[in-house]
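Fold and contact review
Here is what each chain is made of, one letter per residue.
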Amino acid sequence: MLLFHFLVPFSLNSSAFTTILNSTAQNLRYLLLSKPKPEFIFTPTDDSQVQKAVVCSKQLGIHLRVRSGGHDYEGLSYVSQIETPFIVVDLSKLRSVNVDIQSNSAWIQAGATIGEVYYRIAEKSRTHGFPAGLYTSLGVGGHITGGAYGTMMRKYGLAADNVLDARIVDVNGRILDRKTMGKDLFWAIRGGGGASFGVILWWKIKLVPVPSTVTVFSVSKTLEQGATKLLHRWQQVAATKLDRHLNIRVLIQPTVVDSISGKRTITTLFQGQFLGGVKRLLNVMQTGFPELNLTRKDCTESNWLNSVMYIAGYANGTRPEVLLQGKPPFKSYFKAKSDFVKDPIPETALEGIWKRMLEETSSLIIWNPYGGVMSEISESAIPFPHRKVLFKIQYLTGWLAANEDEAKHIDWIRKLYSYMTPYVTKSPRQAYVNYRDLDLGINKKKNTSIAEASAWGTRYFKDNFYRLIKIKTKVDPHNFFRHEQSIPPLARKA
């Protein structure tokens, strides 16, 4: 088709193909030679070229995948395991960020990273921010479609809770905004998962006020220093007792304590961001979580942008301009899973987690507290339903070499997930759609039944899944926008 030629695709035979395919892909598992590769990669430079790609793909009957930042945990934005041939529309050249401080809003293109968005906001104002993700190389196109949480969610909710408008290419190649897409589709794209309803081009986001001084801290505790009791106490206070201006996440991983013998222990890192100064933070902690023994020397006062970079893991003194590169600090081979918790996990069960973590070479568990405004927003306000929980768990196992035994690592994380069953949400056992997990279920090529899709759909969306199905049936009845866990339409009557 002439339009495909006009878009200047990069084919498998192109010298630039592998560079572009690998450029933003985060999970190296999906770049292995054994994984399916797209026939072409398109890198549109304006909205009309995205429209052309959708129209051409539809007319030619070639399956389409869309990538903004490449952070999909199962590589669904650039790998299709259910059908070939397929093409990829890579939005990485569509990265404008237009901040309007007067209206407390910004229009951001889908290919921009959240780090670029943060930088451009801070460039205009020290007292404005946006409550989105912790990892600055996330592409905003896909990130916000899953809900998108960050350290300010206890104060302001999710990124998707703070979307004012959007522009999307629908199945017919039209560009729709909030008014022309209608309230149902606008509801669906704010938390209903990426690539089921169209191609996000732009988000209009609401900026939120942040103080000129923001305080961050990290406190590390090993098992020998009482980490188990401290983490048990964290579960009782982090979501329900602490000021909503404060977010304390916990990173849990094995560490070597004796390099000669190789003896390891579990280390818990309590990492916090407080929207305010250190003096007030210490008062909040003394009242709500004195057991952590937070001191002034543990804390660093900075501005909001530097606090974001601290949480993201940048070294102290790193220039904020690094965010404009839009690059991840590292890539690895990994598998992840997620859970939500409503009741504190007993200490004896925590000890069982430690035992299992010490069996794996490179494991990481991250606990993110909810509560605050999150518990005040209706489960059906947007498709993201995980509101009335204490915290979210992310489980990760990673490895650095392609020839490592992938099956061994994946078997380990599945066994840990099974062990956690009694301690997490039930009916359904909830999961976070932005931590995509194909273990929960995979669609068939075209004719997935609603019953089959419910296996994963209700975990990500609870009862909102069924409203998403109705909207999908209305806007994309032939299931053009599809992937291994896309929202299926109702079967058409013969």
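For the structure, check the block above.
Remember, predicted model here, so these are calculated numbers, not experimental data.

Focus on the overall build of the protein chain
Assigned secondary structure in the protein chain consists of 14 helices and 18 strands. Since a compact globule built from 494 residues should have a radius of gyration of about 23 Å, the 22 Å found for the protein chain is in line with a globular shape. If one aligns the C-alpha atoms of the protein chain with their principal axes, the spans along those axes are about 65 × 55 × 45 Å. Within the protein chain, counting contacts between residues at least 6 apart in sequence, those at least 24 apart form 74% of the total. With the model as given, the accessible surface of the protein chain reaches about 20000 Å², and the carbon-plus-sulfur share is 52%. Of the side-chain charges in the protein chain, 63 are positive and 40 negative, and the distance between the mean point of each set is 4 Å.

A closer look at the pairing of strand S8 (residues 163–169)
The two faces of the sheet receive side chains in turn, since in a regular strand these alternate between them. Burial analysis of S8 places 5 of its 7 residues in the buried class, the great majority of the element. The pairing of S8 with strand S9 (residues 175–176) spans 2 bridges and is classified as antiparallel. Following the sheet pairing, isoleucine 168 is matched in S9 by leucine 176. Here S8 folds back onto S9, and the loop between the two strands holds 5 residues, one of which, glycine 173, carries a positive phi near 85°.

Side note on the packing of aromatic side chains
Applying the stated rule across the entire model yields 21 aromatic pairs. Arranged with centres 5.2 Å apart and planes meeting at 10°, the rings of tyrosine 73 and tyrosine 435 form a pair that is stacked. Of the two residues, tyrosine 73 is situated in the loop between strand S3 (63–67) and strand S4 (86–90) and tyrosine 435 in the loop between helix H12 (406–419) and helix H13 (450–461); the sequence distance between them amounts to 362 residues. Of the two residues, tyrosine 73 and tyrosine 435, both sit in the buried class. Here the aromatic rings of tyrosine 395 and tyrosine 417 are separated by 6.3 Å at their centres, their planes lie at 90°, and the arrangement is edge-to-face. A residue pair is termed long-range when its members are at least 10 positions apart, and tyrosine 395 in strand S18 (residues 391–399) and tyrosine 417 in helix H12 qualify at 22 residues.

A word on the side chain of histidine 143
By the secondary structure assignment, histidine 143 is in helix H5 (residues 140–145). At 3.0 Å, the side chain of histidine 143 and the backbone nitrogen of glycine 133 are in polar contact. Setting aside chain neighbours within four positions, we find histidine 143 in contact with Ala132, Gly133, Leu138, Ala148 and Asn434.

A closer look at the sheet that holds strand S2 (residues 40–42)
As summarised here, the arrangement of the 4 strands in space is S1-S2-S4-S3, forming an open sheet in which the pairing is mixed. Of all strands in the sheet, those with a lone pairing partner are strand S1 (10–11) and S3, marking the two edges. Where S1 lies against S2, 2 bridges are found, and the strand directions are antiparallel. Of the residues in S2, the one forming a bridge with phenylalanine 10 is isoleucine 41.

Regarding the nonpolar core
Judged by nonpolar contacts, the single largest core of 140 residues is most densely connected at Ile144, Ile189, Trp203, Trp234, Phe289 and Trp367. Discounting residues that sit within four places of it in the chain, phenylalanine 289 has contacts with Leu230, Arg233, Trp234, Val237, Leu242, Ile248, Phe270 and Val284. Within the second largest apolar cluster, 11 residues are counted, among which are Phe17, Ala25, Tyr30 and Val88.

Description of the pattern of salt bridges
Counted according to the given criterion, the structure contains 26 salt bridges. One continuous salt-bridge network, built from bridges that share partners, spans Glu74, Lys335, Lys337, Arg414, Asp437 and Asp439.

Examining the side chain of threonine 397
Inspection of the secondary structure puts threonine 397 in strand S18. In terms of polar contacts, threonine 397 uses its side chain to reach the side chain of glutamate 360, at 2.4 Å. For threonine 397, the residues in contact, after removing those within four places along its chain, are Tyr333, Phe334, Lys335, Glu360, Ser362, His409, Trp412 and Ile413.

Parameters at a glance
- Residues numbered from 1 in each chain as written.
- Predicted model: local features only at pLDDT ≥ 70, side-chain atom pairs only at ≥ 80, totals over all residues.
- Heavy atoms only, no water.
- Helix = DSSP H or I, 4+ residues; strand = E, 2+ residues; numbered from the N terminus.
- Rg over C-alpha atoms; globule rule 2.2 N^0.38 Å.
- Contact = heavy atoms within 4.5 Å.
- Areas by Shrake-Rupley, 256 points an atom, 1.4 Å probe, with all protein chains shown as cover.
- Lys, Arg positive; Asp, Glu negative; His and termini not counted.
- Charge placed at Lys NZ, Arg CZ, Asp CG, Glu CD.
- Buried < 20%, exposed > 50% of the residue type's maximum accessible area, 1.4 Å probe, protein only.
- Pairing = 2+ DSSP bridges.
- Phe/Tyr/Trp six-rings, centres within 6.5 Å; stacked < 30°, edge-to-face > 60°.
- Polar contact = N/O pair within 3.5 Å; in protein donor to acceptor, adjacent residues only side chain to side chain.
- Core = buried A, V, L, I, M, F, W, Y, C linked by side-chain atoms within 4.5 Å.
- Salt bridge = Lys/Arg side-chain N within 4 Å of Asp/Glu carboxyl O.

Note that all results are geometric; they support no functional claim without further evidence.
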